[in-house]
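A look at the structure
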Amino acid sequence: MKWTKIEVRTGSRTEFIDITNRISEELARAGVQNGICSVYMPHTTAGLTINENADPDVVRDILAGLARLVAAAGDFRHAEGNSDAHIKASLMGFSLTVPVIDGCLALGTWQSLYFCEFDGPRNRQVLVGISEQAG
Amino acid sequence: MKWTKIEVRTGSRTEFIDITNRISEELARAGVQNGICSVYMPHTTAGLTINENADPDVVRDILAGLARLVAAAGDFRHAEGNSDAHIKASLMGFSLTVPVIDGCLALGTWQSLYFCEFDGPRNRQVLVGISEQAG
Amino acid sequence: MKWTKIEVRTGSRTEFIDITNRISEELARAGVQNGICSVYMPHTTAGLTINENADPDVVRDILAGLARLVAAAGDFRHAEGNSDAHIKASLMGFSLTVPVIDGCLALGTWQSLYFCEFDGPRNRQVLVGISEQAG
C-alpha cells in the first residue's frame, strides 16, 4: 500500500472543493480492482465529507447551515480566532473509507468527495491510500 | 473482498433504522474471523451512525436534537427543498469501519448501527465490505 | 490483525483526552510499516475526533461550541438524562482510519487523536486495529 498526497489550493475562507477526480486518478494509478480507498485529512481546520454534486446550491446550503450552527465569533478563547473552523472540521470528520469495485470508486449516483475548507485560503494536502483486499 | 448491497426501505421523512442484524448476516456469509467491516452509504440525504439500542427514546432524542440543529426551512436555495437532509447526512457521516473479532462485529454492549434517513420514505441501499486482515 | 483495547479513565462529564501516544504505542508493538490504523469507540456517549494539540484552548472551544449546539436539557425523553451526550457522540463519530507510513501514524503537524467524553467520569475503552497493507 502506497499513501499518496494530493495538493489542494483553496481560494476562500470557507468552501467545498470536489476532489473526486483527483482520487479517481490515484485509484487508476494504483490499479486496484477490489478493495478500499481511504482518504485522510492531515489538517485541523479543514474536513472531509461526501455530498451531492449535481446542484451547486447543495454545497452552498451546507456551508450556510454550518455557518448558522457555528458562529465565527462567540465565547471562544483560542487566540488565532479560527475556533469555528476547528469545530466545523470535527463535525465533518477527518477520514473516509470508500468502496473500490471493479477498479472504480463505488460512489452513489449524485455523490462527490469534498475537501471542506473552513479557514482558507491555504495550500492544503489530502492523503489517499488504496488497498486491494483479497477474498 | 466482496462488497454486498443491503436494501433498506424507509418509512418516514426522518428515522433511524437499526441495520446491525443485516450487517451481521453479511459477516456470517463472508466467514471472516478477524478484520474490518466497512459500511458505506451511497446516498446524499441519508447517513450512518452508531448509538444506543436499549431505549428507543435515545434515537428519538437524537432525531429531535438534529431537527433543532438544522431547521427544515431556512436560508436555503436548493430547489428540492431538502437541504436540511443533506446537512444532517454530512453531520452523521457516510462511512464507518467496525472491528471484526472472532467472527463477530465487536460493537459495544449498547451499540447498534443505524441507517439515518433524513429525506424518506425511499428505497435505499448500503454497501458492506468485510476483509480478513492477516496479522 | 490483532485488535487491542486501550483503557481510558475520564475525569469530568465532558472532556477530550489525547490518546495519540497510546495508539502510537500499539503501532510500535504491532510493528506495522505501511497500512491503516483503525480506531473504534465501543460506547454511545463518547466519540472520537482529531484536532489541534498545540493550544489547549482549541479543545476548550470545541467543547464550548458543542455545548451551545446541543443543550444539556431540552425536549428530551430518554430517562437517563444524557441525551446531549448521545447526540454529541454521533456528531463526532465512532470510527477513524489513520494512515500508517514508515512505521508511524501519519498525523498532520498539529493533529492529535482525541477520546471525546460527553457523559463522564467513567472507565472507558477504545479498540485499536493496525493492518499491514501490501502493495
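Preceding block: the structure.
Throughout what follows, the structure given in this document is the object of discussion. (Residues numbered from 1 in each chain as written. Chains lettered and ligands numbered in written order. Predicted model: local features only at pLDDT ≥ 70, side-chain atom pairs only at ≥ 80, totals over all residues. Heavy atoms only, no water.)

1. Overview of the relation of the copies chain B and chain C
Put simply, the test is: For this overlay, a least-squares fit was computed on C-alpha atoms, restricted to residues scoring pLDDT of at least 70 in both copies. Any two residues having at least one pair of non-hydrogen atoms within 4.5 Å are treated as being in contact.
With an RMSD of 0.0 Å, the operation that places chain B on chain C is a rotation of 120° combined with a shift of 0.0 Å along the axis. Expressed as a symmetry operation, the mapping of one chain copy onto the other fits a three-fold axis. When C-alpha positions in chain B are compared against the rotation axis, the closest is assigned to B:Leu91, at 3.4 Å. Take the interface residues of chain B: only 14% of them recur as interface residues in chain C, which is what a contact between different surfaces looks like.

2. Re the interface of chain B and chain A
To keep things clear, this is the line we draw: Each of two parts loses accessible area, computed with a 1.4 Å probe, when they are put together; buried area is these two losses added. What makes a salt bridge here is a side-chain nitrogen of Lys or Arg within 4 Å of a carboxyl oxygen of Asp or Glu, nothing more. Whenever two N or O atoms come within 3.5 Å, that pair is a polar contact, provided that in protein one can donate a hydrogen and the other can accept it, and provided that, for residues adjacent in sequence, both atoms are side-chain atoms. Think of it this way: any DSSP run of H or I at least four residues long counts as a helix, any run of E at least two long counts as a strand, and we number them from the N terminus.
Taken together, the contacts link 26 residues of chain B with 36 residues of chain A. Both sides together, the interface formed by chain B and chain A hides about 2,500 Å², and carbon and sulfur atoms give 56% of it. Scanning the region where chain B abuts chain A turns up 1 salt bridge. Across the pair B:Asp75 and A:Arg60 runs a salt bridge, and its minimum N-O distance is 3.3 Å. Counting across the chain B and chain A interface gives 17 residue pairs in polar contact (both at pLDDT 80 or more). If you list the elements that add at least two residues to the side of chain B that touches chain A, you get strand E3 (35-40), helix H3 (83-92), strand E5 (95-101) and strand E8 (123-132) of chain B. No other element matches the 5 residues that H3(B) contributes to the side of chain B that touches chain A.

3. Quick look at the pairing of strand E3 (residues 35-40) of chain C
All names here are of chain C. Short version of the rule: Any residue under 20% of the maximum accessible area for its type is buried, any over 50% is exposed, and the rest in between are partly exposed; the area is computed with a 1.4 Å probe on protein chains only. We call two strands paired when DSSP finds no fewer than two bridges between them.
With 6 of 6 residues buried, E3 is to be regarded as a mostly interior element. Note that E3 and strand E5 (residues 95-101) share 6 bridges and pair antiparallel. Residue pairing in the sheet places Tyr40 in a bridge with Ser95 of E5. Relative to strand E8 (residues 123-132), E3 runs antiparallel, the two being bridged by 6 bridges.

4. Some words on the sheet that holds E3(B)
Taking strand neighbours across the sheet as the criterion, the 5 strands line up as E1-E8-E3-E5-E6 (chain B) in an open arrangement whose pairing is antiparallel. Each edge of the open sheet is held by one strand with a lone partner, namely strand E1 (3-9) and strand E6 (104-105) of chain B.

5. Things to note about the interface of chain B and chain C
Taken together, the contacts link 36 residues of chain B with 27 residues of chain C. A buried area of about 2,500 Å², summed over both sides, lies between chain B and chain C, and 56% of it is on carbon and sulfur atoms. For the chain B face of the interface with chain C, the top three residues by lost area are B:Arg60, B:Asp61 and B:Leu69, together amounting to 20%. Across the contact surface, chain B and chain C share 1 salt bridge. One can count 17 residue pairs in polar contact (both at pLDDT 80 or more) joining chain B with chain C. Elements supplying a minimum of two residues to the side of chain B that touches chain C: E3, strand E4 (46-52), helix H2 (56-69), H3 and E5 of chain B.

6. What about the relation of the copies chain B and chain A?
When chain B is fitted onto chain A, the two copies agree to an RMSD of 0.0 Å after a turn of 120° and an axial shift of 0.0 Å. The residues that chain B uses at the interface reappear at the interface of chain A in only 19% of cases, marking distinct surfaces.

7. Some remarks on the environment of B:Leu127
Inspection of the secondary structure puts B:Leu127 in strand E8. Since its relative accessible area comes to 7%, B:Leu127 is described here as buried. Put simply, B:Leu127 and B:Thr4 are 123 residues apart on the chain and 5.7 Å apart in space, counted from C-alpha to C-alpha. In this structure B:Leu127 touches A:Pro99, A:Ala106, B:Trp3, B:Thr4, B:Lys5, B:Ser38, B:Val39, B:Tyr40 and B:Pro42, once residues within four positions along its chain are discounted.

8. Re the nonpolar core
Note the cut-off: Here, nonpolar core refers to any group of buried Ala, Val, Leu, Ile, Met, Phe, Trp, Tyr and Cys residues whose side-chain atoms link them within 4.5 Å.
The biggest cluster of nonpolar side chains holds 140 residues, and the ones touching the most others in it are A:Phe16, A:Leu91, B:Phe16, B:Leu91, C:Phe16 and C:Leu91. Sequence-distant contacts of A:Phe16, defined by excluding residues within four places in its chain, comprise A:Thr49, A:Val59, A:Ile62, A:Leu63, A:Leu66, A:Met92, A:Tyr114, A:Phe115, A:Cys116 and A:Phe118.

9. Brief notes about unusual backbone geometry
Across the junction of A:Gly120 and A:Pro121, the peptide omega takes the value 0°, indicating a cis bond. Here A:Pro121 is to be found in the loop between strand E7 (111-117) and strand E8 (123-132). Even without being a glycine, B:Asp102 presents a positive backbone phi close to 50°. Note on placement: B:Asp102 falls in the loop between E5 and E6.

10. Some thoughts on the pairing of E8(B)
All names here are of chain B. With 7 of 10 residues buried, E8 lies mostly within the body of the structure. As paired strands, E1 and E8 are joined by 7 bridges and run antiparallel to one another. Counterpart to Val8 in the pairing with E8 is Arg124.

11. Description of the packing of H2(B) against helix H3 (residues 83-92) of chain C
Note the following rule: All axes are obtained by fitting lines to C-alpha atoms, using only the stretch in contact for helices, and the reported angles, taken between N-to-C directions, cover 0 to 180 degrees. Angular relationships are summarised with four words: roughly parallel below 35 degrees, roughly antiparallel beyond 145, roughly perpendicular across 65 to 115, and oblique for the angles in between. Crossing handedness is read from the near helix: turned anticlockwise from the far helix by less than a right angle, it gives a left-handed crossing, and turned clockwise, a right-handed one. Any residue that is not Ala, Val, Leu, Ile, Met, Phe, Trp, Tyr, Cys, Pro, Asp, Glu, Lys or Arg is counted as polar, Gly included; the first ten are nonpolar and the last four charged.
At their nearest, the axes of H2(B) and H3(C) sit 9 Å apart, and the two run at 70° to each other. It follows that H2(B) is roughly perpendicular to H3(C) by the angle criterion. Read as a crossing pair, H2(B) and H3(C) show a hand that is right-handed. Only C:Ser83, C:His86, C:Ile87, C:Ser90 and C:Leu91 of H3(C) make contact with H2(B), whose side of the interface consists of B:Val58, B:Asp61, B:Ile62, B:Gly65, B:Leu66 and B:Leu69. Its residues placed into classes, the contact of H2(B) with H3(C) shows 6 nonpolar, 4 polar and 1 charged.

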